[in-house]
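Residue-level structural notes
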Amino acid sequence: MPYCQMQTAPPAVAIARTEDVFLILEDGRRLIDGLASWWSACHGYNHPHVIEAIRRQAEVMPHVMFGGAQHEPAATLATRLAAILPGDLEHVFFCDSGSVAVEVAMKMAIQFHRNAGQTQRSRFVSFENAYHGDTTGAMSLCDPTRSMHSHFGGALLQQFNQPLPKTPEQFEQLDGFFSENRDDIAGVFIEPIVQGAGGMRFHAPDVLSRVDQLCRKYDLLWIADELATGFGRTGKMFAIEHVGVVPDIICLGKALTAGTIGFAATVASEKVFERFLSDDFGSALMHGPTFMANPLACAAANASLDLFESEPRLQQSANIETLLNHGLSPCRGLPGVVDVRCLGAIGVVQVTNLDDVNKLRAAFVESGVWIRPFGDCVYVTPSLTMQPPEIDALCVAIVDQMTTRSADHRE
Ligand SMILES: *Cc1c(COP(=O)(O)O)cnc(C)c1O
């Protein structure tokens, strides 16, 4: 099991089926899913349009290698992603998971410089509380002390971890850092607007525009990791649209296939793509997963994009923000609660500490909801299609638990 001490953890919840926004357990209980399976099931589970697309594709061609071969589902998906992404983010590389999409972005950035003879530019800047994935390259970009990977200190690539430029002083500091180290920097990674697994922290849109501005000033590539925030989660199709900035590379995954099949994409701008064009084979992008551009995943992603076109997902995401803000507000000011924040279909109650996290997780299951607190956060990232009664039920469950906990604290 992932991130699990197998000796002490309680047995995992056995899920038999999924249906709309519900998990149906083997013992027949129905839980309202507050997490949409780690931000991915954006239209709820088993959406008939997505399931039908996968079924049809499975009958025609479940998979075929992508080396020297291509197929319509991938071509269509690449064209559609390029069309909805801002600016000239038009060159799509498909891979199998978010962490791998981050690895591919790292390799793109390093090779971008090597192809111009700059072999020294091989380190990355990322920010405090960042989370960029579980593979070793992606782990090196995570916050080295506060992330889930702090136990690996010394065994990973060495990167530059910097404070997010929230204040004028931090902005000055990052400016100075870039100016001193630009010759060693291959690229700058940021999770736009919302940092996910590193603590569910939000930053103001102008933080993102400052990072963009500084990267332009020092001619640094910057990479938007939108694995969590992409596809309507923050109320915009992509979080970079809160500011209107265009990164050099963007990583997409999680909700890409509407929560059905592991899949991700790394999308490069024209400038990055062109740097790989040459008579020399060695200048080509050196990556190619076995299941690259899997047709089932492409079909699911195309069907998901159909739903973003035909149904008001971004409006639904904004409506969920209003409901979460209202529903979680009783947590504000409770002893032990540090902050309550909501954006799009993300609601977070940050606490001083979660001492008995297993007990809290079990209590949520008892009350009929699937919410899995971690770190110092109790959070929800429901399907964008979740209706007000279920959103309210999630909020009530959280408020109840937080109220009980703070009563315990006072004793
Ligand atoms: C989930 C996530 C990843 C890693 O994606 P996987 O598909 O789990 O490998 C990387 N970055 C961010 C911001 C994520 O939320």
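Residues numbered from 1 in each chain as written. Predicted model: local features only at pLDDT ≥ 70, side-chain atom pairs only at ≥ 80, totals over all residues. Heavy atoms only, no water.

1. With respect to the packing of aromatic side chains
- Applying the stated criterion across every chain yields a total of seven aromatic pairs.
- A centroid spacing of 5.2 Å and a plane angle of 20 degrees characterise the contact between Phe94 and Phe263, whose relative ring orientation is stacked. Residue Phe94 is located in strand β4 (residues 89-95), and its partner Phe263 is located in the loop between β11 (249-252) and β12 (264-269); the two are separated by 169 residues in the primary sequence.
- With a relative accessible area of 3%, Phe94 lands in the buried category.
- Look at Phe263 and you get buried, because its relative accessible area is 4%.
- With centroids separated by 6.4 Å and ring planes inclined at 75 degrees, the aromatic side chains of Phe178 and Tyr218 adopt a geometry described as edge-to-face. With Phe178 in helix α6 (residues 168-181) and Tyr218 in the loop between α7 (205-217) and β10 (222-225), this residue pair connects regions lying 40 residues apart in the sequence. A single burial state applies to Phe178 and to Tyr218, both of which are buried.
- In textbook terms, an aromatic cluster arises when at least three aromatic residues are bridged by ring pairs, as seen for Phe231, Phe238 and Phe308.
- If you follow Arg275 out to its NZ or CZ, it ends over the ring of Phe112, 3.9 Å from the centre.
- Sitting over the ring of Phe202, Arg341 keeps its end group 5.7 Å from the ring centre. (Phe/Tyr/Trp six-rings, centres within 6.5 Å; stacked < 30°, edge-to-face > 60°. Helix = DSSP H or I, 4+ residues; strand = E, 2+ residues; numbered from the N terminus. Buried < 20%, exposed > 50% of the residue type's maximum accessible area, 1.4 Å probe, protein only. Lys NZ or Arg CZ within 6 Å of the ring centre and 35° of its normal.)

2. Focus: the nonpolar core
- Of all hydrophobic cores here, the largest spans 131 residues; its most connected members are Phe178, Val188, Phe231, Val349, Ile398 and Met402.
- Once residues lying within four places of it in the same chain are set aside, the contact partners of Phe231 are Leu81, Met237, Phe238, Leu252, Gly253, Ala255, Leu256, Leu305, Phe308 and Leu384. (Core = buried A, V, L, I, M, F, W, Y, C linked by side-chain atoms within 4.5 Å. Contact = heavy atoms within 4.5 Å.)

3. Describing the site of the ligand
- Taken together, the residues surrounding the ligand are Ser97, Gly98, Ser99, Tyr131, His132, Gly133, Glu191, Asp225, Leu227, Ala228 and Lys254.
- Residue Gly98 places a main-chain N or O atom 2.8 Å away from an oxygen atom belonging to the ligand.
- Separating a nitrogen atom of the ligand from a side-chain N or O atom of Asp225 is a distance of 2.7 Å.
- Look at the ligand: alone it shows 380 Å² of surface, and the protein chains cover 81% of it. (Near = heavy atom within 4 Å. Polar contact = N/O pair within 3.5 Å; in protein donor to acceptor, adjacent residues only side chain to side chain. Areas by Shrake-Rupley, 256 points an atom, 1.4 Å probe, with all protein chains shown as cover.)

4. Side note on the sheet that holds strand β2 (residues 22-25)
- Read across the sheet, four strands follow the order β1-β2-β3-β15 without closing on themselves; strand pairing throughout is mixed. Whereas interior strands pair on both sides, the edge strands pair on one side only; in this sheet they are β1 (15-19) and β15 (369-370).
- Relative to β15, strand β3 (residues 30-33) runs parallel, the two sharing two bridges. If you follow Asp33 over to β15, its bridge partner there is Trp370. (Pairing = 2+ DSSP bridges.)

5. Digging into the pairing of β1
- Relative to β2, β1 runs antiparallel, the two being bridged by four bridges. Across the sheet, the residue bridging to Thr18 is Leu23, located in β2.
- Between β1 and β2, which pair antiparallel one after the other, the connecting turn spans two residues, and Asp20 there sits at a positive phi close to 50 degrees.

6. Thoughts on the packing of α6 against α7
- Contact pair α6 / α7: the axes reach a minimum separation of 10 Å and the direction vectors enclose 25 degrees. In this view, α6 runs roughly parallel relative to α7, as classed from their interaxial angle. The two elements α6 and α7 meet at a crossing, and its hand is right-handed. Taking contact as the criterion, the partners of Phe171, Leu174, Asp175 and Phe178 in α6 are, on α7, Arg210, Gln213, Leu214, Cys215 and Lys217.
- Residue composition of the contact of α6 with α7, grouped by class: five nonpolar, one polar and three charged. (Axes fitted to C-alpha atoms, helices over the stretch in contact; angles between N-to-C directions. Parallel < 35°, antiparallel > 145°, perpendicular 65-115°, else oblique. Left-handed = near helix turned anticlockwise from the far one by under 90°. Nonpolar A, V, L, I, M, F, W, Y, C, P; charged D, E, K, R; others polar.)

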